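Examining the three-dimensional arrangement
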Amino acid sequence: MAGRLAVTGLLFTLLWFPLIGLAVSRIAGPMNLFLAGAGANALVLFTASVLHVPLIPTMIALGLVSAAIVVFRRRTMGDRRFRLSGQAGLPVLHSRTADIAMGAAVVWLFFVSAILPLTDYDGRAFWLLKAKAIAHERSVDGPFFHGSTVSPRNEYPLLVPMDAATVMIAVRDTDERHVRWLYAMFAVALAFEVRRRIGGWYGALLLCLPQIAVHPEGSALSAYSDIALAAFVACAVFELARDSPDPWRFGLWVAFTLLTKNEGLPFALTLLAVGAVVLRTRAAVTALPAIVAAASLFLWRSRIDPSDEAIFSLRDLPHRLDQLDDALLGVGRHMLAIRNWGVLWIAVAAAIVILAWRRRWHPLVIGAGAIAPMLALYIIMYMVSNWRTEDLINSSAPRLLTHFVGPALLLIGECLCELPEPSKKRAIPWTPRVQTAP
Amino acid sequence: MRQAVVGILFAAALWTSLPRMTRLALDAAKFARLAPEERMERVFGSYYTSILRIRSQLRADEPVGLSARLVERDINGVVFANYYLYPHPTRYYGSLDEYRSTVISDPSQPKRIVRMDLSRTPEARLMTYLDIRREEMSETRVVRDPKPGAGAFRECIVPIVLAIDGQPGNAWVTEGVIVSEVDAAVTMTFFPGGESKTIALRARQPLFLGDVVYAVASRLDVGWLRLTATAPVRAGFWYVNRGLAHAVSLPLVEAMPPLPQRVAGGERLWVLNPADRAVEVVVNGERHAIDAHALAVLASAEHNEVAGEGPVLAFSARKENGREIFQWPEGLQ
């Protein structure tokens, strides 16, 4: 039975990434353990592999160093501080019923992930194939990435494939059943982060959104990287929304975002711009992890075969303005598609209006600031694409909207946190928050 | 109030997800007792079974080609074969011509190809270039309405049959049709190799052959064909230039014309020896030994005369606008 369920893969996933995440948290302050671990694991292994440091010794060293940090830094940072700083500054809406609902969704997700094979397209065709190649060749620029095997989308960033490859190397098997847990865990970890930062019902809501739970392309039951990207974006946004955002933690989330998907780079720039507004003079620090990630990514890309992707040129935009209405209508239709998103995006639109009416600029700048530029970029991409606009939107819009789910829930949460108290509807001018010394 | 709004959001999400969540949970419960490979077979059907079969047929690390009959229809099967067959090195070929031209410049290309053709089967098939070529040839014949000749025979010779590839887009094959008024068996023997194949004919049901040489010898070659049948059959064979979609009807020779044979000039002179022994002929005054069952190619003069021992059949060929024109000896029926 254990073999049928690939329990080794589950145990490794549940131990390795949280261990590294805990080590990162001991250094940088409280972070979501799984997501920080998944991000840091891939960032370290990818950067080392780009520098041709052997993968297995790096993995072993990473595990040992993480364990050492966890053991030796325990006394310097108490658990109390983790809990307090984790929820500071954001309204938290918990209830036992919500926790039960969320728990049921988690159990359902693990149960189905354990048994049903992957049936999605991109996950198998692009992402997991890369993970298998990394695990097999123990390298990110081996023969696979130089044309020995058909490698569609050769230049896709490797954060999630690197994590999947880590699991495959650990269990010595490249079968997908060992890593299906990983994709489920990205969704679960994101839900826990949402629960921690905004409230229990929001976490349960996230895990029950059709696009996250059951959509054949891009859900937690597929091997896409969209939920991972959404998770890192959400963590970055939540970090900015705290009373005392930490530039290092924010910078790490941005770096992980950058390495997760092609959209990660413009997303990282967007987040850095929002971060610059929020963090002001401390914002310079946030770029350092992102610079390391970007340098590794571009160095790696310069060494491997070019991707087979169609190149979109923004220079075509003036000639494609007639596509704007199609792109807007198409994306709008998907935002209103209850079969994929319930009424989430309707609520987000309402939340933006209410927050603007209340002049609550701080959550608006952070939440809408993370969504609007990227949404505009996606719409422009649809306009200049050589694909038939409708086909491209139908095949990608539901997944791309996933990227905004963290900021979207933040906007709703911020909007609802004052509903019962009409007296607080007064204008609350936003002022930059000043970091207090730890 | 907050609880109510969030509750509505949650309920709307759950309302749309729950049916699919339930269905997936039921599927998972149903599959729980199966081994992982069995689950894959349940989900992907015969496609996955065929992938397992291909995997077992490939040697470790054997590179394999990937090919789709019709890209729009078949590419998904190719993409996922690439995924499931990893770590076998793979190479995608957009067409057979691409494979052929690549192999010419780089002989280390994969010898076997995973072929997806949903018009034939949902399964992936491990094939050679020649297997796929034969399928494509049989799908589109150049001779639209092949009619057998009027005369029936039990034994005859088709003086030239071939299956060869030219530049990409060009290929030469022999198409044929054989029909019998009664149930019969026809044996086709390809020379000089001597490979033969016997096919049962149902009464009055024509047998169409899109690539005679490959059907008999399973390779690309040039030679001649001997037909023997258990009952009188009628047949027709055509020398086909597929690149130009041009077909030339070939004579069916029941008896060799007497020597000397006079043949009009062409670019090449062919001399066919159907006998089981070598023969010596004099072609335009020069002596030549023709091996048993050989189809020899000799230099052609403006007018050719072939004399000596028999039996042989001489004929010449030339091209006009890329189309083959055969000159047969005087007296050949």
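Keep in mind it's a predicted model, so treat the numbers as computed, not measured. (Residues numbered from 1 in each chain as written. Chains lettered and ligands numbered in written order. Predicted model: local features only at pLDDT ≥ 70, side-chain atom pairs only at ≥ 80, totals over all residues. Heavy atoms only, no water.)

**Regarding the overall build of chain B**
Filter applied, for reference: The helix count covers DSSP runs of H or I at least four residues long, the strand count covers runs of E at least two residues long, and both are numbered beginning at the N terminus. Radius of gyration means the value over C-alpha atoms here, while the globule rule gives 2.2 Å times the residue count to the 0.38 power. Throughout this description, buried means an accessible area under 20% of the type-specific maximum (1.4 Å probe, protein chains only), exposed means over 50%, and partly exposed covers the range between. We call two residues contacting when some pair of their heavy atoms lies within 4.5 Å. All accessible areas in this document rest on Shrake-Rupley with a 1.4 Å probe, and a residue is counted as covered only by the protein chains that are shown. In this tally, Asp and Glu contribute negative charge and Lys and Arg positive charge; neither His nor the terminal groups of the chain are included. Note on charges: their place is set at NZ of Lys, CZ of Arg, CG of Asp or CD of Glu.
In terms of helices and strands, chain B carries seven helices and 19 strands. Computed over the C-alpha atoms, the radius of gyration of chain B is 28 Å, more than 25% above the 20 Å expected from 2.2 N^0.38 for a compact globule of 333 residues. Along the three orthogonal principal directions, the C-alpha set of chain B runs to about 110 × 50 × 35 Å. Here chain B, with 333 residues, has 48% of them falling under the buried criterion. For chain B, the proportion of contacts with a sequence separation of at least 24, taken over those separated by at least 6, is 70%. Of the roughly 15,500 Å² of accessible surface on chain B, a fraction of 52% belongs to carbon and sulfur atoms. With 39 positive and 38 negative side-chain charges, chain B shows a separation of 9 Å between the mean positions of the two kinds.

**Observations concerning the overall build of chain A**
Helix and strand counts for chain A come out as 21 helices and zero strands. Buried residues in chain A amount to 62% of all 438 residues. The contacts in chain A between residues at least 6 apart in sequence include a share of 80% that link residues at least 24 apart.

**A look at the pattern of salt bridges**
Residues and elements named next belong to chain B. Formally: By definition, a salt bridge exists where a carboxyl oxygen of Asp or Glu is found within 4 Å of a side-chain nitrogen of Lys or Arg.
All chains considered together, the criterion is met by 42 salt bridges over all chains. One salt bridge in this structure joins Glu305 and Arg262, with 3.3 Å as the shortest N-O distance. Here Arg262 lies in strand E12 (residues 261-264) and Glu305 lies in strand E17 (residues 303-308), a separation of 43 residues in the sequence. Three or more residues joined by partner-sharing salt bridges are found here, namely Arg69, Arg73, Asp74, Arg115, Asp117, Arg120, Arg125, Glu135, Glu136 and Glu139.

**As for the packing of helix H12 (residues 226-241) of chain A against helix H14 (residues 264-279) of chain A**
All names here are of chain A. Under the convention used in this document: Here an angle of 0 to 180 degrees is reported between the N-to-C directions of two axes, which are lines fitted to C-alpha atoms, with helices fitted over the stretch in contact. Here is the rule for angles: anything less than 35 degrees is roughly parallel, anything more than 145 is roughly antiparallel, 65 through 115 is roughly perpendicular, and the remaining ranges are oblique. When residues are grouped by polarity, Ala, Val, Leu, Ile, Met, Phe, Trp, Tyr, Cys and Pro land in nonpolar, Asp, Glu, Lys and Arg in charged, and all others, Gly among them, in polar.
At a closest axis distance of 10 Å, the pairing of H12 and H14 adopts a crossing angle of 5°. Taken together, the axis directions place H12 and H14 in an arrangement best described as roughly parallel. On H14, the residues touching Leu229, Val233, Ala236, Val237 and Leu240 of H12 are Gly264, Phe267, Leu271, Val274, Gly275, Val278 and Leu279. Grouping the constituent residues of the contact of H12 with H14 by class yields 10 nonpolar, two polar and no charged.

**Brief notes about the interface of chain B and chain A**
This is how it is decided: By convention, the term buried area covers the 1.4 Å-probe accessible surface removed from two parts as they join, with the contributions of both added. As used in this structure description, the phrase polar contact means that two N or O atoms lie within 3.5 Å; if the pair is within protein, one of them must be able to donate a hydrogen and the other to accept it, and residues adjacent in sequence are counted only when both atoms belong to side chains.
In this assembly, 43 residues from chain B lie in contact with 53 residues from chain A. Taken together, both faces of the contact between chain B and chain A bury some 4,300 Å²; the carbon and sulfur share is 72%. By the criterion of area lost to chain A, the three top residues of chain B are Arg2(B), Tyr83(B) and Tyr86(B), representing 19% of everything that side buries. Counting across the chain B and chain A interface gives zero salt bridges. In this structure, the connection of chain B to chain A is made through nine residue pairs in polar contact (both at pLDDT 80 or more).

**A look at the sheet that holds strand E19 (residues 323-327) of chain B**
Residue and element names in this part refer to chain B. For the record, the criterion: A pair of strands counts as paired when DSSP detects no fewer than two bridges linking them.
With antiparallel pairing, four strands are arranged side by side in an open sheet as E16-E13-E18-E19. Looking at which strands have only one partner, the edges of the open sheet turn out to be strand E16 (295-298) and E19. Averaged over all neighbouring strand pairs, the angle between strand axes comes to 30°, with direction disregarded. Taken together, the five bridges between strand E18 (residues 313-320) and E19 define a ladder with antiparallel strand orientation. Bridge assignment links Lys319 to a residue of E19, and that residue is Glu324.

**Description of the nonpolar core**
Note the following rule: For our purposes a nonpolar core is just a set of buried Ala, Val, Leu, Ile, Met, Phe, Trp, Tyr and Cys residues, chained together by side-chain atoms within 4.5 Å.
Core analysis: the largest hydrophobic core is formed by 188 residues, its most contacted members being Leu128(A), Phe186(A) and Leu344(A). By residue number, the principal contributor to this core is H12(A), which donates 14 residues. Non-local contacts of Leu344(A), meaning those with residues more than four positions away in its chain, are made with Leu205(A), Leu209(A), Val405(A), Leu409(A), Ile412(A) and Leu9(B). Ranked by size, the runner-up nonpolar core spans 44 residues in total, among them Trp224(B), Val233(B), Leu250(B) and Ala317(B).

**Description of the side chain of Asp226(A)**
All names here are of chain A. Inspection of the secondary structure assignment puts Asp226 in helix H12. Asp226 sits in the buried class, given a relative accessible area of 0%. Polar side-chain contacts of Asp226 include one of 3.3 Å to the side chain of Arg399. Only 2.6 Å separates the side chain of Asp226 from the side chain of His403, close enough to count as a polar contact. Setting aside anything within four residues of it in sequence, one finds Asp226 in contact with Lys261, Arg399, Leu400, Thr402 and His403.

**Focus on the packing of helix H3 (residues 33-50) of chain A against helix H8 (residues 159-171) of chain A**
Residue and element names in this part refer to chain A. Two elements in contact, H3 and H8, have axes whose closest approach is 9 Å; the angle formed by their N-to-C orientations is 90°. Put simply, H3 runs roughly perpendicular to H8. Of H8, the residues touching H3 (which contributes Ala38, Gly39, Asn41, Ala42, Leu45 and Phe46) are Leu159, Met162, Asp163 and Thr166. Partitioned by chemical class, the residues of the contact of H3 with H8 number six nonpolar, three polar and one charged.

**A word on the pairing of strand E8 (residues 195-201) of chain B**
Residues and elements named next belong to chain B. In the sheet, strand E7 (residues 184-191) pairs with E8 via seven bridges, with the strands oriented antiparallel. Looking across to E8, one finds that Met188 is bridged to Lys197. Taking the residues between adjacent antiparallel strands as the criterion, E7 and E8 are bridged by three residues, where Gly194 takes a positive phi near 90°.

**Notes on the sheet that holds strand E4 (residues 121-128) of chain B**
All names here are of chain B. Read from one edge to the other, the open sheet built from four strands follows the order E2-E1-E3-E4, with strand pairing classed as mixed. If you trace the sheet from one side to the other, it starts and ends with strand E2 (90-93) and E4, each paired once. Strand-to-strand twist across the sheet, computed as the mean angle between neighbouring axes with direction ignored, equals 25°. Sitting on the sheet, helix H5 (residues 96-105) is in contact with E2 and strand E3 (112-117), with an inclination near 125° to E2. Docked against the sheet, helix H6 (residues 129-139) engages E3 and E4, running at close to 125° with respect to E4.

**So, the state of the cysteines**
The test is simple: Note on terminology: disulfide denotes any pair of cysteine sulfur atoms within 2.5 Å.
Overall, the coordinates contain zero disulfides over all chains when judged by the stated rule. Lacking any disulfide linkage, Cys415(A) is separated from the closest cysteine sulfur, that of Cys417(A), by 8.0 Å.

**Section: a nonpolar patch on the surface**
Residue and element names in this part refer to chain A. Operational definition: Residues enter a patch when their relative accessible area is above 30% and they make no salt bridge; the linking distance is 9 Å between like charges and 5 Å between nonpolar side chains (Val, Leu, Ile, Met, Phe, Trp, Tyr).
A contiguous nonpolar surface patch, about 250 Å² in accessible area, is contributed by Leu51, Val53 and Leu299. Examined against the element boundaries, Val53 turns out to sit in the loop between H3 and helix H4 (55-72). A relative accessible area of 38% means that Val53 is categorised as partly exposed.

**With respect to helix H6 (residues 96-115) of chain A**
We apply this condition: To estimate the expected span of a helix, subtract one from its residue number and multiply by 1.5 Å.
Taking 1.5 Å of rise per residue, 20 residues should cover 28 Å, and H6(A) covers 29 Å from first to last C-alpha, within 8% of that figure. Listed in full, the buried residues belonging to H6(A) are Ala98(A), Ala101(A), Met102(A), Ala105(A), Val106(A), Trp108(A), Leu109(A), Phe110(A), Val112(A), Ser113(A), Ala114(A) and Ile115(A).

**What to know about the environment of Pro216(A)**
Examined against the element boundaries, Pro216(A) turns out to sit in the loop between helix H11 (210-213) and H12. Remark: the alpha-carbon pair of Pro216(A) and His403(A), spanning 187 residues in sequence, is separated by 17 Å.

**Focus: the confidence of the model for chain A**
Residue and element names in this part refer to chain A. Convention followed: Values of pLDDT, ranging from 0 to 100, describe the predictor's confidence in every residue of the model.
In the predicted model, chain A carries a mean pLDDT of 89, and the fraction of residues at 70 or more is 89%. Per-element confidence in chain A is highest for H3, whose mean pLDDT is 98, and lowest for helix H5 (residues 79-87), whose mean pLDDT is 37. Under a pLDDT of 50 for its full length, residues 76-89 has, in the predicted model, 21 contacts with residues more than four places off or in other chains. A low-confidence stretch, residues 420-438 (pLDDT under 50), is modelled with 29 contacts involving residues beyond four sequence positions or located in other chains.

**Quick word on the pairing of strand E13 (residues 268-272) of chain B**
Residue and element names in this part refer to chain B. In terms of residue burial, E13 counts as a mostly covered element, since four of its five residues are buried. When E13 meets E16, the two strands line up antiparallel, connected through four bridges. Its bridge partner lying in E16, Leu269 is registered against Leu298.

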